[in-house]
Amino acid sequence: METREIIRRTLEVQFAFSTIFLYLDFTGYLFPPQAIVKDRNVYDFIVVGGGTAGSVIASRLTEVKEFNVLLIEAGSVSPLQCLIPGLVQYNPNSIVDWNHTAQNDGYAAQCHKNGVMRLPQGKCLGGTSCFNYMFYNRGSKYDYDSWAEIAKDSTWNWDNVLPYFIKSENLLDNDILKSPDRTLHGTKGYINVTRELSDRALEYLKALEEVGESSVEDVNGQEFIGYTQPMLTLSGGVRQSTSVCYITPAKDRQNLKFMKNSLVSKITIDENGRARGVEIITKDNKKISAYAKNEIIVTAGVINSPKLLMLSGIGPKRHLKSLNIKVISDLPVGRNLQDHNLVPLYIEMEESKEPLIPRNPHKHPFDMVNGFASLNKDKPYYADYQTQIFIVPHGSQMPVQYFTNDFMYEEDVSERLNEGSNRGNAAVALIVNLHPKSKGQILLKTTDPNDSPLIYSGIFSNRRDLDNTVKYVKDFVKVMNSEHFKKNNASVVDLSNKRCGPFDLNSTVFWECYSRCMTNIAFDMIGTCAISKVVDSQLKVIGVDGLRVADASVIPLPIGANLYAPVVMVAEKVSDMIKNEYQSQNK
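Residues numbered from 1 in each chain as written. Predicted model: local features only at pLDDT ≥ 70, side-chain atom pairs only at ≥ 80, totals over all residues. Heavy atoms only, no water.

Observations concerning the environment of F258
Inspection of the secondary structure assignment puts F258 in strand β11 (residues 256–259). Exposure remark for F258: the relative accessible area of 1% places this residue in the buried category. In this structure, the C-alpha to C-alpha distance between F258 and L505, residues 247 residues apart in sequence, is 53 Å. Ignoring any residue separated from it by four or fewer positions in sequence, one finds F258 in contact with P32, P33, Q34, A35, L71, E73, V77 and L125. (Helix = DSSP H or I, 4+ residues; strand = E, 2+ residues; numbered from the N terminus. Buried < 20%, exposed > 50% of the residue type's maximum accessible area, 1.4 Å probe, protein only. Contact = heavy atoms within 4.5 Å.)

Laid out in C-alpha cells, this is it:
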C-alpha cells in the first residue's frame, strides 16, 4: 500500500474514533458522572487536571471520607482508543491530545515536517497515561538518590520512594514473583503489570548477548543494566491508565466530584499570598469560580502546569511583566524543561512475502525488547542509554503510522519505511539518551488561557548530548555483527534519505548529522516546576500558601526510565503527605 494511502486511512479511522467519542458514550459508565458545580462552591481540595498524577491523587484523597474533592479535567473521559492497547497509534494529533508542538530552532529535528516536533499530552481523564507505549520502568537507585540531593530531602531517595512503587503495583508475572526480585514488587496495587513474551524477541536477546550485552529478566530488579522483554501496564486486554486503575474504583464515592470539559484559567490568590480558588471556563463557555478550604493541587502536566502558574502570576518576573500579569511570586516557572532525546533506527531484516496476520488489538501492537545499557560496565546503577526495539512483521503499516502521526517526520521518511515494510521483516530501534544536559523552556504566548504556550525544546543545546547520542548509536549498532543479524542480511536504513551525505555506520560525522535531523523527544518531559526551584520538597509552591504542583513538572532531573511509574510514585507520595498533614490537623 502506498504511503499516502496508509496515512489517509489512519486519519479516517482517527476521525471515526473522534466522532464516536463525541456522540456515543461507550466508556462513560467506567467513570464518575459530571458533577453539578455552581459558582463559588467550596471543596476541601481542588485537583486541577485529571491526567496521570491527578487521577491518582483524587482517588487517594477520597479514601478519606471527610475530604470533599473536586477533580477538574479540561478534556473528557478516556475514550475507547485509550483503553484498547492496539489502538495507540490513533491517539496522537486527535481530539484527546493537546496537540502541542515545539518551536523550530533551525538546528535539530529538521527531518520533521517544518522542523517541528510534536509534544503529545493527553487531554482526557488519565492524561498521557492513555498515550504512552505502556512500558513499566522505574529507573535506578542513582536517579532517586540524585533527586534527593537536589531536594535536600532524603525522603526522595531510592529507599524511601521504593515503597510507593510497590504500593501502586500489582505484578501478575509468575516468573518474577518466584524470583529473588519478588521483594521489590507489589501485588496489591491498582496498576496491573504484565509481560507479553514472544519467540521473536528471544532471537533479538540472543543477538545482543553475542555482542556483549546481558539479558535480565527484570530491569526493575536488582540487575538494572541489560535487555529484556518489557514489563507492560497492560492487563486483560486493557491499557492500565490511571483513569481505569484509580478513578474507576473510586467512581461511586460521594466525596469525589468530577468536572470534565472544563478549563481552569487562573488560580485566585488573596492579598496574603494564599491560593483560595480557581476560575473555570466550562464546556458551554461559562465562567465560574470554585474555592478550596485546604489546598489546590495542580496536576495539569509539564506544559500546562507552568502555563497555569504563569497566568496566575507565579513565574519569571520579567516575562510576566511583559504581558502585564501581576507578579505574585518570582520563580523560574517554565525553565528547566528536559526530556530524553532519542534517535530512531530502521533495520531491514530477512525478506518475506508472508501475508500479515492481524494482531489482536487487546495486545500490545508490537513484539518488543527493552534494554538499558552503560558504556562504563563498572557503574551497575547508571544506564547511559535505553533501547526500545519494536519487531515489525512484513507488511505492517504501524511504522508509517508511528513515524508520521507520533513523530511527524517528512513524507519521504515514511516512504522509505513503507518500502522496507513491503520488502520484508524489520525492526525499529529507538536509541534514548537517558541523562541529557540540554534544557529548554516554556513561555506564555498570550494571556489567553486557550492558547498554547511557546515551547522551546532545547534539544542538543548542550553539545555533550549530541556527542553522547552518537556514542550510544554506534555502541548499539554493533549488534549488526551478531550471527542472527548477519544470517538475515540485516542492514540499517538511512532514514535521513541522503540529507547527511554518504551513509557510513562508523562515521561520526554522518551520525552527528543523522542524530540532529532525526532526533525526537521520548515523550518523557520533566522539570518545568522543579523541586527546589519552584516547589519545595513537599511540592508546595514557594511563596504561595495552599498550593502544590504534583506531576512530572516537579521532577528535577531526567530519570533513566519511561515516566509513567515515576509520576505515579510522585502522586502516591504527595497523597500521603496531604493526608498526614490534614488528618492530623482534624484530630
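Here we look at the state of the cysteines
Tallied over the full model, the rule gives two disulfides. Bridging C111 to C517, the disulfide has an S-S length of 1.9 Å. Across the disulfide from C111 to C517, rotation about the S-S bond amounts to roughly 95 degrees, and the bridge is consequently right-handed. Highlighted residues: C111 in the loop between β3 (100–101) and β4 (118–119) and C517 in helix α15 (residues 508–518), separated in sequence by 406 residues. The pair formed by C111 and C517 is uniform in burial state, with each residue classed as buried. (Disulfide = S-S within 2.5 Å.)

Considering the pattern of salt bridges
Tallying each qualifying case throughout the model produces 25 salt bridges. Across the pair K141 and D145 runs a salt bridge, and its minimum N-O distance is 2.7 Å. Here K141 and its partner D145 are both found in helix α4 (residues 141–151), four residues apart, which amounts to about one turn of the helix. Salt bridges here are not isolated pairs; linked through shared partners, they connect R60, E63, K167, E572, D576 and K579. (Salt bridge = Lys/Arg side-chain N within 4 Å of Asp/Glu carboxyl O.)

Topic: the pairing of strand β2 (residues 69–72)
The alternating pattern of β2 places V69 and L71 on one face and L70 and I72 on the opposite face, and all of these are buried. For strand β1 (residues 41–48) and β2, the ladder comprises four bridges, and the chain directions are parallel. Each bridged residue has a counterpart across the sheet, and for V48 the counterpart in β2 is I72. Note that the unit made of β1, helix α2 (residues 52–61) and β2 has a crossover that is right-handed. Where β2 and β11 come together, four bridges link them in parallel fashion. (Pairing = 2+ DSSP bridges. Right-handed = clockwise from strand over helix to strand, strands pointing away.)

Quick look at the pairing of strand β12 (residues 263–269)
Taken across its seven residues, β12 has five buried, putting it largely inside the fold. As defined by bridge partners, β12 adjoins strand β13 (residues 275–281) across six bridges and the pair is classed as antiparallel. By the bridge assignment, T268 is partnered in β13 with G277. Hairpin remark: β12 followed by β13, antiparallel, with five residues in the connecting loop; positive phi at G273, about 80 degrees.

Examining α15
Among the eleven residues that make up α15, eight are buried, leaving the element largely enclosed by the rest of the structure. The set of residues buried in α15 consists of F510, W511, E512, C513, Y514, S515, C517 and M518. In this structure, the buried side of α15 is in contact with β17 (341–351), α12 (411–423), α13 (463–476), β23 (491–493) and β24 (520–521). Two or three places before V509, at the start of α15, stands the capping residue S507, its side-chain oxygen 3.4 Å from that residue's backbone nitrogen. (Polar contact = N/O pair within 3.5 Å; in protein donor to acceptor, adjacent residues only side chain to side chain.)

A word on the packing of aromatic side chains
Aromatic rings in a pair are described by how distant their centres are and how their planes are angled relative to each other. Scanning all chains against the criterion turns up 28 aromatic pairs. With 5.3 Å between their ring centres and 85 degrees between their planes, F45 and Y582 make a pair best called edge-to-face. Of this pair, F45 sits in strand β1 while Y582 sits in helix α16 (residues 564–586), and the two are 537 residues apart along the sequence. An identical accessibility class is assigned to F45 and Y582; each is buried. One aromatic cluster in this structure is built from Y133, F135, F366, F390, Y402, F403, F407, Y409 and F523. Above the ring of W98, the side-chain terminus of K123 is found at 4.5 Å from the ring centroid. Between the NZ or CZ atom of K573 and the centre of the ring of W156, over which it lies, the distance is 4.1 Å. (Phe/Tyr/Trp six-rings, centres within 6.5 Å; stacked < 30°, edge-to-face > 60°. Lys NZ or Arg CZ within 6 Å of the ring centre and 35° of its normal.)

Observations concerning the sheet that holds strand β8 (residues 231–232)
A sheet is described by the order of its strands in space; here three strands give the open sequence β5-β6-β8, paired in mixed fashion. Two strands close off the open sheet at either side, each with one partner strand: β5 (169–171) and β8. As judged from the three bridges shared by β5 and strand β6 (residues 191–195), these two strands associate in the parallel manner. Residue L171 lies in a different strand from β6, and its bridge partner there is V193. Packing against the sheet, helix α5 (residues 158–168) makes contact with β5 and β6, and its axis sits at approximately 60 degrees to β5. (Axes fitted to C-alpha atoms, helices over the stretch in contact; angles between N-to-C directions.)

Points about the nonpolar core
Formed by 119 residues in total, the largest nonpolar core has its most connected members in I46, W147, W156, I267, V278, I296 and L547. The element best represented in this core is α16, accounting for eleven residues. Not counting residues within four places of it along the chain, the set of residues in contact with W147 comprises W156, I531, I555, P556, L557, I559, M569 and V570. Of all hydrophobic cores here, the second largest spans 72 residues; its members include M134, A427, V477 and F485. (Core = buried A, V, L, I, M, F, W, Y, C linked by side-chain atoms within 4.5 Å.)

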